[in-house]
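What the coordinates show
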Number of protein chains: 2
Amino acid sequence: MLRSDGGQRSEFRATYFLESAVPLQQAAEVIAGEQSSGTFLTLPGETLELKERFRARVTRVTPQAPALAPALHSAWAARHARDAVFHRGEIEIAFPIENVGANLPTLMATIAGNLFELGEVTGLRLLDLDLPESFAAQFPGPKFGVEGTRKMAGVHGRPVIGTIIKPSVGLSPEKTAELVDNLCAAGIDFIKDDELMADPPYAPFDARLAAVMPVLQKHADRTGQMPMYAINISGTIDEMLRRHDAVVAAGGTCIMASTNWIGLAGLQHLRQHTAVPVHAHRNGWGALTRHPALGIAFRAYQKILRLAGADQLHVNGVQGKFWEPDDSVVASAAACLAPFAGVSPLMPVFSSGQWAGLAPIIHGQLGSDDLMHLAGGGIIGHPHGVEAGVTSMREGWEAAREGVPLEEYAETHPALRAAIEHFGGVLA
Amino acid sequence: MLRSDGGQRSEFRATYFLESAVPLQQAAEVIAGEQSSGTFLTLPGETLELKERFRARVTRVTPQAPALAPALHSAWAARHARDAVFHRGEIEIAFPIENVGANLPTLMATIAGNLFELGEVTGLRLLDLDLPESFAAQFPGPKFGVEGTRKMAGVHGRPVIGTIIKPSVGLSPEKTAELVDNLCAAGIDFIKDDELMADPPYAPFDARLAAVMPVLQKHADRTGQMPMYAINISGTIDEMLRRHDAVVAAGGTCIMASTNWIGLAGLQHLRQHTAVPVHAHRNGWGALTRHPALGIAFRAYQKILRLAGADQLHVNGVQGKFWEPDDSVVASAAACLAPFAGVSPLMPVFSSGQWAGLAPIIHGQLGSDDLMHLAGGGIIGHPHGVEAGVTSMREGWEAAREGVPLEEYAETHPALRAAIEHFGGVLA
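Bear in mind that the values here come from a model prediction, so they are computed numbers and not experimental data. (Residues numbered from 1 in each chain as written. Chains lettered and ligands numbered in written order. Predicted model: local features only at pLDDT ≥ 70, side-chain atom pairs only at ≥ 80, totals over all residues. Heavy atoms only, no water.)

1. Details of the overall build of chain A
The criterion, for reference: Put simply, DSSP marks the helices as runs of H or I at least four residues long and the strands as runs of E at least two long, and each gets a number from the N terminus on. Here the radius of gyration uses the C-alpha set of atoms, whereas the globule reference equals 2.2 Å times the residue count to the power 0.38. Whether two residues are in contact is decided by their heavy atoms: any pair within 4.5 Å suffices. With residues, only the protein chains shown are counted as cover, and all accessible areas are computed by Shrake-Rupley using a 1.4 Å probe. Two residue types count as positive, namely Lys and Arg, and two as negative, namely Asp and Glu; His and chain ends fall outside the count. For the purpose of locating charges, the reference atoms are NZ of Lys, CZ of Arg, CG of Asp and CD of Glu.
Within chain A, the regular secondary structure consists of 18 helices and 13 strands. For 428 residues, the compact-globule estimate of 2.2 N^0.38 gives 22 Å, and the C-alpha radius of gyration of chain A, at 24 Å, lies within 12% of that figure. C-alpha atoms of chain A, sized along the principal axes, occupy 70 × 45 × 40 Å. Contacts in chain A between residues far apart in sequence, at least 24 positions, make up 75% of those at least 6 positions apart. Approximately 13,500 Å² of chain A is accessible, and the part contributed by carbon and sulfur atoms is 52%. Taking the average place of the 34 positive charges on the side chains of chain A and the average place of its 45 negative ones, the gap between the two points comes to 3 Å.

2. Details of the relation of the copies chain B and chain A
Put simply, the test is: Our superposition of the copies is a least-squares fit, built on the C-alpha atoms of residues whose pLDDT is at least 70 in both.
For the pair chain B and chain A, the best superposition has an RMSD of 0.0 Å and corresponds to a rotation of 180 degrees with a translation of 0.0 Å parallel to the axis. Taken together, the rotation angle and the small translation identify this as a two-fold axis. Considering only C-alpha atoms, the residue of chain B closest to the rotation axis is Gly263(B), which sits at 1.7 Å. The residues that chain B uses at the interface reappear at the interface of chain A in 99% of cases, marking a shared surface.

3. Remarks on the sheet that holds strand S5 (residues 160-164) of chain A
Residues and elements named next belong to chain A. Operational definition: Pairs of strands are assigned from DSSP output, requiring at least two bridges between the strands. Lines are fitted to the C-alpha atoms to define the axes, a helix being fitted only along its stretch in contact, and any angle between axes, read from their N-to-C directions, falls within 0 to 180 degrees.
Taken in spatial order, the 8 strands of this closed barrel run S5-S6-S7-S8-S9-S11-S12-S13, and their pairing is parallel. Each strand of the sheet is rotated relative to its neighbour by a mean of 25 degrees, with strand direction disregarded. As paired elements, strand S9 (residues 278-281) and strand S11 (residues 312-314) share 2 bridges and run parallel to each other. Bridge pairing in S11 places His279 opposite Gln312.

4. Quick look at empty space enclosed by the protein
Applicable threshold: Buried and open spaces are told apart on a 1 Å grid over the protein atoms alone, a cavity being a set of points where a 1.4 Å probe fits but cannot get out and a pocket being an open set with protein on both sides within 12 Å along at least five of seven lines. Residues with an atom within 4 Å of a point are the lining residues. Grid points are joined across faces, edges and corners, and a volume is the space filled by probe spheres set on the points. Three classes are used, and their members are as follows: Ala, Val, Leu, Ile, Met, Phe, Trp, Tyr, Cys and Pro are nonpolar, Asp, Glu, Lys and Arg are charged, and the others, Gly among them, are polar.
Tallying each qualifying case throughout the model produces 7 cavities of 30 Å³ or more. Approximately 350 Å³ is the volume attributed to the largest cavity. Contributing elements (two or more residues each) for the lining of the largest cavity: helix H10 (259-273) and helix H12 (298-308) of chain A together with helix H10 (259-273) and helix H12 (298-308) of chain B. Here the residues of the lining of the largest cavity sort into 16 nonpolar, 8 polar and no charged.

5. Considerations on the side chain of His314(B)
Residues and elements named next belong to chain B. Quick reminder of the rule: Each residue is assigned to one of three classes by its accessible area relative to the maximum for its type, calculated with a 1.4 Å probe on protein chains only: buried under 20%, partly exposed between the two thresholds, exposed over 50%. Identification of polar contacts relies on pairs of N or O atoms within 3.5 Å, with a donor-acceptor requirement for protein atoms, meaning one able to donate a hydrogen and the other able to accept it, and with residues adjacent in sequence counted only if both atoms are side-chain atoms.
With respect to the element layout, His314 can be found in strand S11 (residues 312-314). For His314, a relative accessible area of 6% gives the class buried. In this structure the side chain of His314 is engaged in a polar contact, spanning 2.8 Å, whose partner is the side chain of His279. Residues within four places of His314 in sequence aside, it is in contact with Lys192, His279, Ala280, His281, Arg282, Phe298, Val349, Ser351 and Leu374.

6. Here we look at the packing of aromatic side chains
Residues and elements named next belong to chain B. Stated precisely, the cut-off is as follows: When the centres of two rings from Phe, Tyr and Trp lie within 6.5 Å, Trp using its six-membered ring, the rings pair. Their planes under 30 degrees apart give stacked, over 60 give edge-to-face, and anything left gives tilted.
The full count for this structure, using the stated rule, is 16 aromatic pairs over all chains. Both rings, one in Phe12 and one in Phe135, keep their centres 5.6 Å apart while their planes meet at 25 degrees; by these two values the pair is stacked. Note that Phe12 is positioned in strand S1 (residues 11-20) and Phe135 in helix H5 (residues 133-136), a separation of 123 residues in sequence. Comparing Phe12 with Phe135 shows no difference in burial state: the two are buried.

7. Comments concerning helix H6 (residues 145-153) of chain A
Those residues of H6(A) not exposed but buried are Gly145(A), Val146(A), Gly148(A), Thr149(A), Arg150(A) and Ala153(A). Positive phi appears at Gly154(A), one or two residues downstream of H6(A), with a value of about 70 degrees.

8. Quick word on the domain arrangement of chain A
Residues and elements named next belong to chain A. The condition that has to hold: Bear in mind that the domain bounds are from an automatic or database domain assignment. Note on terms: buried area is the combined drop in 1.4 Å-probe accessible area of two parts once they are placed together, counting the loss on both. When a carboxyl oxygen of Asp or Glu is within 4 Å of a side-chain nitrogen of Lys or Arg, the pair counts as a salt bridge.
Here chain A is partitioned into domain 1 (11-136) and domain 2 (145-424). With centres defined by C-alpha atoms, the gap from domain 1 to domain 2 works out at 36 Å. Across the contact, 20 residues belong to domain 1 and 21 residues belong to domain 2. For the pair domain 1 and domain 2, the summed buried surface comes to about 1,700 Å²; carbon and sulfur atoms form 68% of the total. Taken together, the links from domain 1 to domain 2 amount to 2 salt bridges. In this structure, Lys303 engages Asp128 in a salt bridge whose closest nitrogen and oxygen atoms are separated by 2.7 Å.

9. Re the sheet that holds strand S10 (residues 294-296) of chain A
Residue and element names in this part refer to chain A. Read from one edge of the open sheet, 5 strands run S2-S3-S1-S4-S10, paired in mixed fashion. This sheet does not close on itself; its edge strands, each paired only once, are strand S2 (57-67) and S10. Averaged over all adjacent pairs, the angle separating strand axes in this sheet is 15 degrees, with direction ignored. Pairing between strand S1 (residues 11-20) and strand S4 (residues 121-130): 8 bridges, direction antiparallel. Along S4, the bridge assignment pairs Phe17 with Arg125.

10. Focus: the interface of chain B and chain A
On the chain A side, the residues contacting the 100 residues of chain B number 99 residues. Between chain B and chain A the total buried area reaches about 8,300 Å² when both faces are included, carbon and sulfur atoms providing 60% of it. At the boundary of chain B with chain A, the tally comes to 2 salt bridges. When the shortest N-O distance is used, the salt bridge between Lys321(B) and Glu34(A) registers 3.2 Å. At the surface where chain B touches chain A, the tally comes to 32 residue pairs in polar contact (both at pLDDT 80 or more). No other element matches the 9 residues that H10(B) contributes to the side of chain B that touches chain A. Of the residues belonging to the side of chain B that touches chain A, the class tally is 43 nonpolar, 41 polar and 16 charged.

Okay, here's the thing in structure tokens:
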């Protein structure tokens, strides 16, 4: 957009699904005004020059079929709206970069703040976000990303095969270390804590780290590769920094945190200090995304976490125990790997109800091996034990990558065959 | 609950609205299992003793009328559920305290984590949270709360009257200071930044603080009371601490942050360091709460922010420009003030489309003066200027507290009368 002074205004853009009790263009203008220089009245200090320079612009309105009932109740709409229908469509809004600066909480307040609460709005979902590269470069971005994760895990040319410490609650540090020993002996690439496990009184973080690290080191000495253990350091800022330092001092190669709860400032602080990849656990994410007319779509969410500096991010599993359809899960993984304003890609983490037989589905639909495939019960619950569980995962991916039908590959690979027999009926 | 060893298990409890494709009790058990020691299979390390000690218990299931269509789509439910209806009701789950410890992100991962994504779940909303006092005492809680806010603002026996710097975007530090000067001259108790304004290149935080603080100090020297200015320090952890220190060094008495984006770890870190009350701006909250079958209810949300250490928290306005019905807004304010496990109450902040004439509604419905009433346009846009705007707000509350009808009180109070004439038609 040409400014009145002849200069080119630098902008970033957000795309939304919008449902509104007033016409779409009008609602879009209300959002743009509320999220830049607007309030419900023209104010004394709000000069035309100021408005021209700082106002957000509605750059696209693409109507869809209206609805006869609102997706979300609005008391304001019930009082004020005269239309008999609820207008629906996609809108794009362009915000001046200088409104925000390199400030992640303020970027979020602008694109995902009070706009969800506006009375005109009976549905609003942030679908996507586009920043100029020069603006994106002002945020930290992933320190490790896909390449750094692969390098530190020592895994190339195939997915990183991983598991989650289970049971997620109740294991003592000693029992955890025993399980880790078995998993490493079985050749696992990656282990993570459950998000429910961080620093409980019966298994404090320090005791868990002290129990687990010598076991990891023993296998690193044996194989020449430290297994990547994403230990859950979630806690206060001070606790997380202290735990990060302890992990790195002990030779660990990954940290994990519940990113929705430590927050973007917490994540960015970890990014600033970390010497190892940050495994972002998105628990709570369902509350922000499950309704199609509310919240945030993953395409936008992963960009925000990329800006803040996550390296690995959960995308659910295919055919898993969660609500999400496979095509949505695979699209999330593809989004993590897609170019975004010069910001490094994220390593997508497939997890929840995963087992060896799902590898061909992921491989076929994603068309990439840049991912982590985590099976909790699918490895630890394998009928022939943990080693067979890990082997079955590798075999599933070998079959997928070689284009051999799973059943055929299983004929000569007993661990995969046992997985199919045990998990196939449960999970398919 | 009596443990098998005869001891009393210490628990906290979460209440949910649940809609499910499987019978309610079954879905509740799945949630309790997933959020404690469960996975989709019984695992080698998961002994009966471990399960008994660490499992979450379903302590209440209160059915409601079922639905014929799901509130939220679940691909899992479409594959697996055999029932023709979607079961609905309230459930309560009791979690062992020792599963979590004094760790806020892990508390959230437990009560508001992956459970939103479970395939059985076609609707889930965290309604409430109850902790034993001994457990709540392990979290910081508000450092100032209602009493500390009142003391530092020098306002007793009536609401704190405040405003928001408008226009929210575009004002230079000098123009901001001019507006602050006018507001303080008019006798305002409290001023806050808009959440869109933190540290933009055209009005950097340091320049804004440097411009505003001498003005505030001038009025403090004049009146003996420093006006409370909630300056938006949102940013990285290091930026926020540095800004907090600068605010306090300059004599400021409040800081503000976008709490959903700095996160609970960010908020707790501010709580740990702050010498002044923390004004919690909940922008983005709409995405978490607007659908009645998803997300988090304010009753639970404010408890979490109380644990983390917020002092003041937004609750929207009555008759405002947002979606929320008045009874819900007032219930939110009441929740902030209600007892909770020995944790100090929060100062509720009424904001959005507020003006003098709404005081009697709030007063009548809340039955308390422990609140902040913020009018942006309702003060700065008053037809007789900012001073009349502030006066009208005070007069509105005088009328409310004295039980005099607004119109009658306005007969002898011209600022209130002008507010009614100007805003009454726009906003009522």
